[in-house]
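Here are the chains, one letter per residue:
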Amino acid sequence: MAHALNTAPALLRNSDLDRPEVRQARLDLAACFRMAAKLGLSEGICNHFSFVVPGRDDLMLVNPYGYAFAEVTASNLVICDFQGRVVAGQGVPEATAFYIHARLHMKHPRAKAAFHTHMPNATALSMLEGPPLVWAGQTALKFYGRTLVDEDYNGLALDEAEGDRIAASLGDADIVFMKNHGVMVVGPSIAEAWDDLYYLERAAEVQRLAMATGRTLKPVSPELAQATYAQMREGDRESARLHLESVKRILLKEQPDFAD
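Here is what the cut-offs are and how they apply
- Residues numbered from 1 in each chain as written.
- Predicted model: local features only at pLDDT ≥ 70, side-chain atom pairs only at ≥ 80, totals over all residues.
- Heavy atoms only, no water.
- UniProt positions renumbered as here; feature names shortened; annotations may be inferred.
- Helix = DSSP H or I, 4+ residues; strand = E, 2+ residues; numbered from the N terminus.
- Buried < 20%, exposed > 50% of the residue type's maximum accessible area, 1.4 Å probe, protein only.
- Contact = heavy atoms within 4.5 Å.
- Core = buried A, V, L, I, M, F, W, Y, C linked by side-chain atoms within 4.5 Å.
- Phe/Tyr/Trp six-rings, centres within 6.5 Å; stacked < 30°, edge-to-face > 60°.

- The name that an unreviewed UniProt entry assigns to the chain is Ribulose-5-phosphate 4-epimerase/fuculose-1-phosphate aldolase, with the source organism given as Roseococcus suduntuyensis.
- Checking UniProt for the chain, the heading Sequence similarities (unreviewed entry) contains the comment "Belongs to the aldolase class II family."

Structure representation (structure tokens):
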């Protein structure tokens, strides 16, 4: 299902890519890959997380083709430009990772982090007719007013045109349910994208469990949904930061090689 990007790496020396902020981004992104694998949110060597390199809006960090999430380390992430040329690291990004993520970062400067998965529960909801989320669970309300649905599945994203179409589908949303495909989560930081990805799957999981009972779900009113979302949003950035710090503490005990 995965395809290597057909481009020759262009390894360049650039002191900008060795700054502490870039090293921190590598650590944070690698931690997200490892915890996603631990929680069953990955799919083989498919799916991808990317982050615009701090101080370099023309470059992105992304996982290399051929590595499972559980194998990702801070040092084996690659940095490539938006034309697909690798400027730091070994290997190349997976083709759909490049065409989706590069176009998305180019078209939406606010989307510093972009996490795309086929995680099971959220993807299951993307396969159903109608709106994926029902505003019936408190966790789901974190996403009230922040989601869009891309109804136009068009096969694998193996060219710029499909990457542009997917990027356009984002609009002002932070979360896109890609019908017949999976989900895309974007955020201004790695921590915020991770926090949303994690809680999106949890919200989808409890909704799927509730739907499996065959009983009618009980949504909250739009007014209460909006008010609850506002309460959650108040401390979201700090909560996301602390969430990612907890992930790194867990991994430093269980999988310390993620930081290599």
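Digging into the environment of alanine 122
Next, step 1: Among the secondary structure elements, alanine 122 is positioned in helix H3 (residues 120-126).
Next, step 2: On the basis of relative accessible area, alanine 122 is assigned to the buried category, the value being 0%.
Next, step 3: Each C-alpha atom, one on alanine 122 and one on glycine 182, is 7.0 Å from the other, the two residues being 60 residues apart in sequence.
Next, step 4: Discounting chain neighbours no more than four positions away, the residues touching alanine 122 are Phe177, Val183, Glu201 and Ala204.

Section: the nonpolar core
Buried together is how nonpolar side chains tend to be arranged in soluble globular proteins.
Next, step 1: Leu29, Phe49, Ile79, Phe115, Trp194 and Leu200 are the most contacted members of the largest nonpolar core, which totals 55 residues.
Next, step 2: Sorting elements by how many residues they give to this core places helix H1 (residues 20-38) first, with 10 residues.
Next, step 3: Residues within four places of leucine 29 in sequence aside, it is in contact with Phe49, Phe51, Leu61, Leu77, Phe115 and Ile190.

Focus on the packing of aromatic side chains
Next, step 1: Within the structure shown, the criterion is met by 8 aromatic pairs.
Next, step 2: Ring plane angle 15° and centroid distance 4.0 Å describe the contact between phenylalanine 49 and phenylalanine 115, whose orientation is recorded as stacked. One end of the pair, phenylalanine 49, is in strand E1 (residues 48-52); the other, phenylalanine 115, is in strand E5 (residues 113-117), with 66 residues separating them in the sequence. There is no split in this pair, since phenylalanine 49 and phenylalanine 115 are both buried.
Next, step 3: Ring geometry for phenylalanine 98 versus tyrosine 99: centroids 5.0 Å apart, planes at 65°, classification edge-to-face. Of the two residues, phenylalanine 98 and tyrosine 99, neither departs from the other in class, the shared state being buried.
Next, step 4: By the ring-pair criterion, three or more aromatic residues cluster together here, those being Phe33, Phe49, Phe69 and Phe115.

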